[in-house]
Amino acid sequence: MDHFKNGISLTSIRNGLWCATAFGIVACASAPMAVEKLAVAKTSIQRAEQAQAGQFAQVELQAARTKLAAAQTAADRRDAEAAARMADQADVDAQLAESTARAKQQEQLVTEMEAGLRELRNEALRRDHAGSAPPQPPGR
Amino acid sequence: MNREIIVAAAAVVAVAIALLAGCETAPEGNSTLDEARAAVQAAESDASVAKHAQAEINRARSLLTNAEGAMQQRGVGDAVTAHYAYLATQMARIAEQRAHEQIAMARIKAGETERRQILSSARESEASQAQAQAESQRLAAQLADLQAAQTDRGIVLTLGDVLFDTGRSQLKPGATRALDQIAAFLNEHPERRVQIEGFTDSQGASNYNLELSQSRADAVAMAIIRRGVDAQRVRALGYGEEFPKTGNSSEGSRQMNRRVEIIVSNNDASIPGRIAGVP
């Protein structure tokens with residue numbers, strides 16, 4: 001009984017290890033990569049949020065968040081490949097959200113600056129016009 | 001053995017799930033790839049993107065190469081192809097946004113330079129205006145002292161006939177102070193010219209009056225030249241009975257018409273001539 005039991009358990013342990021190793025080669029090879037990519041995507045989303053993508057690149061930021069959630073779901077069900085891909089897509093979406101938000105903010109600054117410059121130019125023009133008339137001493 | 005079967009079954013299910021998940025996220029490979037090709041090409045052909053976001057363009061190009069490779073290996077409609085194509089498209093868009101940002105930043109920089117220039121020239125013009133105002137106030141004070149008037153022709157100072165004896169063109173000592181001040185003013189403003197115009201009333205022969213007015217004007221001109229003003233800047237004209245200040249009906253009005261006017265030019269402008277009918 002003991003011997004029999006022992007034999008079975010040894011075999012099953014060995015086979016189980018083989019199985020786990022075979023599965024692990026597939027799963028483990030990409031699993032740490034997926035974890036890494038998830039972290040990278042999360043960081044990119046945070047950068048986008050800091051760049052005010054929530055205000056200036058809503059669509060892109062939302063796409064990144066949705067894909068990050070999908071990547072997390074894929075990782076939870078141990079689908080490392082799908083998780084890695086989704087995380088990569090979330091990452092570029094977040095980068096696009098960040099760069100779009102930055103560009104839009106700079107462009108907004110340009111618009112404001114040009115309005116200010118127009119006012120300054122007009123002011124200068126008015127002043128030059130007023131200044132071009134010679135000073136008039138009091139008459140008789 | 002049962003455990004082995006369970007483990008093997010679990011592995012099969014996992015692989016199936018992975019494949020299903022892969023298919024789930026796979027849009028049509030070809031259209032995504034076409035989109036990526038177009039996006040990367042558009043970004044590459046944009047000179048400003050090439051200038052400001054070369055690294056992003058390179059990444060987009062290499063992702064597109066990955067997508068093309070996956071398509072050749074795995075055929076149309078493959079998830080990996082679509083995945084790389086999507087990344088390439090997004091990277092091309094990122095390149096474009098980076099370029100937009102850089103262009104906007106360059107404009108802001110240029111705008112700030114212009115703003116500084118406008119402000120500094122505003123300060124300069126304010127300073128020069130303040131200087132001009134101070135100058136004009138000083139001038140006004142000098143003129144007020146001489147009881148002169150600013151006109152279109154220039155600054156006009158009128159010497160009354162009390163400074164000459166009747167029929168004579170010799171200046172009396174009472175004119176000295178006024179002449180000193182005019183000469184000082186002209187020496188301080190070397191760009192200005194002076195014109196001296198003599199007038200009489202309508203009593204007596206007009207030829208005589210013309211000559212008298214000329215010689216009185218000459219006398220004033222000489223007095224100014226003697227005080228250091230270059231003769232080139234001084235001109236004397238006799239108008240006789242012309243351009244009376246008022247009618248010649250009473251002694252009071254005739255006295256007003258007997259006069260010498262000293263006109264100092266505005267800046268270096270020449271003094272416009274008299275127009276008939278305008279006193």
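Residues numbered from 1 in each chain as written. Chains lettered and ligands numbered in written order. Predicted model: local features only at pLDDT ≥ 70, side-chain atom pairs only at ≥ 80, totals over all residues. Heavy atoms only, no water.

Novice: Quick question: what am I supposed to make of the overall build of chain A here?
Specialist: Scanning chain A from N- to C-terminus turns up four helices and zero strands. Counting helices and strands in the order they occur from the N terminus, chain A gives α-α-α-α. Partitioning the contacts of chain A with sequence separation of at least 6, the portion at a separation of at least 24 is 73%. Looking at chain A as shown, the accessible area adds up to about 8800 Å², and 59% of this sits on carbon and sulfur atoms. (Helix = DSSP H or I, 4+ residues; strand = E, 2+ residues; numbered from the N terminus. Contact = heavy atoms within 4.5 Å. Areas by Shrake-Rupley, 256 points an atom, 1.4 Å probe, with all protein chains shown as cover.)

Novice: Sorry, what's going on with the packing of helix α6 (residues 176-188) of chain B against helix α7 (residues 206-226) of chain B here?
Specialist: Two measures define how a pair of helices packs: the angle their axes make with one another and the distance between the axes. All names here are of chain B. Packing of α6 against α7 brings their axes to within 9 Å, and their N-to-C directions diverge by 60°. Relative to α7, the element α6 lies oblique. Helix-helix and strand crossings are classified by hand; for α6 and α7 the assignment is right-handed. When α6 is examined against α7, the residues Leu179, Ile182, Ala183 and Leu186 are found in contact with a partner set consisting of Val220, Ala223 and Ile224. Partitioning the contact of α6 with α7 into residue classes produces seven nonpolar, no polar and no charged. (Axes fitted to C-alpha atoms, helices over the stretch in contact; angles between N-to-C directions. Parallel < 35°, antiparallel > 145°, perpendicular 65-115°, else oblique. Left-handed = near helix turned anticlockwise from the far one by under 90°. Nonpolar A, V, L, I, M, F, W, Y, C, P; charged D, E, K, R; others polar.)

Novice: Help me understand the sheet that holds strand β1 (residues 149-150) of chain B, please; the structure alone is not making it clear to me.
Specialist: Two strands in a sheet stick together by hydrogen bonds in their backbones, pointing the same way (parallel) or opposite ways (antiparallel). Residues and elements named next belong to chain B. Read from one edge to the other, the open sheet built from five strands follows the order β1-β2-β5-β3-β4, with strand pairing classed as mixed. In this open sheet, the two edge strands, each paired with only one partner strand, are β1 and β4 (234-238). With six bridges joining them, strand β2 (residues 155-160) and strand β5 (residues 259-264) adopt antiparallel strand pairing. When the bridges of β5 are listed, Val156 appears paired with Ile263. On top of the sheet, α6 reaches β2, β3 (194-199) and β5; it is set at about 20° to β5, its chief contact. (Pairing = 2+ DSSP bridges.)

Novice: What am I meant to see in the side chain of Thr200 of chain B here?
Specialist: Residue and element names in this part refer to chain B. Of note, Thr200 is situated in the loop between β3 and α7. Residue Thr200 is classed as buried on the basis of its relative accessible area, which comes to 3%. When sequence neighbours within four positions are dropped, the list of residues in contact with Thr200 reads Asn209, Leu212, Ser213, Gly240, Glu241, Asn257 and Arg258. (Buried < 20%, exposed > 50% of the residue type's maximum accessible area, 1.4 Å probe, protein only.)

Novice: For this particular structure, what's the right way to read α6 of chain B?
Specialist: Since the α-helix advances by 3.6 residues per turn, residues separated by three or four positions end up pointing in the same direction. All names here are of chain B. Compared with an ideal rise of 1.5 Å per residue, which puts 13 residues at 18 Å, α6 spans 18 Å between its outermost C-alpha atoms and is within 8% of the ideal. Listed in full, the buried residues belonging to α6 are Ala178, Leu179, Ile182, Ala183, Phe185 and Leu186. Seen along its axis, α6 keeps its buried residues to an arc of 160°; they face one direction. (Expected span 1.5 Å × (residues − 1). Arc of directions from axis to C-beta.)

Novice: Can you help me understand unusual backbone geometry in this one?
Specialist: Negative phi is the rule for most residues except glycine; trans is the rule for most peptide bonds. Residue and element names in this part refer to chain A. Backbone geometry places Gln52, a non-glycine residue, at a positive phi of 65°. Tracing the sequence through the fold places Gln52 in the loop between α1 (2-50) and α2 (53-56). For Arg78, which is not a glycine, the phi torsion comes out positive at approximately 65°. Following the sequence through the fold, Arg78 ends up in the loop between α3 (58-76) and α4 (80-132).

Novice: What is the right way to read the packing of aromatic side chains from this model?
Specialist: By convention here, two paired aromatic rings are described through the distance between centres and the angle between planes. Residues and elements named next belong to chain B. Throughout the structure, instances matching the rule amount to two aromatic pairs over all chains. Measuring from centroid to centroid gives 5.5 Å for Phe199 and Tyr239, while their planes differ by 10°, and the two rings are stacked. One end of the pair, Phe199, is in strand β3; the other, Tyr239, is in the loop between β4 and α8 (251-257), with 40 residues separating them in the sequence. Using a relative accessible area of 1% as the deciding quantity, one classes Phe199 as buried. Here Tyr239 falls in the buried class, since its relative accessible area comes to 15%. Between Tyr239 and Phe243, the aromatic rings sit 5.1 Å apart at their centres with planes inclined by 90°, giving edge-to-face as the arrangement. (Phe/Tyr/Trp six-rings, centres within 6.5 Å; stacked < 30°, edge-to-face > 60°.)

Novice: I would appreciate a short explanation of the pairing of β5 of chain B in the present structure.
Specialist: Side chains on a regular strand alternate between the two faces of the sheet. Residue and element names in this part refer to chain B. Where burial is concerned, most of β5 is hidden: six out of the six residues are buried. Of the two faces of β5, the one carrying Arg259, Glu261 and Ile263 and the one carrying Val260, Ile262 and Val264 are both buried. Pairing of β3 with β5, which is carried by six bridges, proceeds in the antiparallel orientation. If you follow Phe199 over to β5, its bridge partner there is Arg259.

Novice: In this structure, what is going on with α7 of chain B? I would like to understand it.
Specialist: All names here are of chain B. Over its 21 residues, α7 extends 30 Å from the first C-alpha to the last, a length consistent with the 30 Å expected when each residue adds 1.5 Å. Considered for burial, the residues of α7 that qualify are Asn209, Leu212, Ser213, Arg216, Ala217, Ala219, Val220, Ala221, Ala223 and Ile224. The secondary structure elements touched by the buried residues of α7 are β2, α6, β3, β4 and β5. One or two positions beyond α7, positive phi appears at Gly228, with a value near 100°.

Novice: Explanation requested: the confidence of the model for chain B in the structure shown.
Specialist: Detailed conclusions should not be drawn from predicted coordinates in areas where pLDDT is low. Residues and elements named next belong to chain B. Per-residue confidence for chain B gives a mean pLDDT of 84, with 87% of residues at or over 70. For chain B, the element scoring lowest by mean pLDDT is helix α1 (residues 2-24), at 52; helix α4 (residues 54-74) scores highest, at 95. Confidence drops under a pLDDT of 50 for residues 15-29, and excluding neighbours within four residues, the segment shows 17 contacts in the predicted structure. The ipTM, which scores confidence in the relative placement of chains, is 0.73 for this predicted complex, and the corresponding pTM is 0.56. (pLDDT = per-residue confidence, 0-100.)

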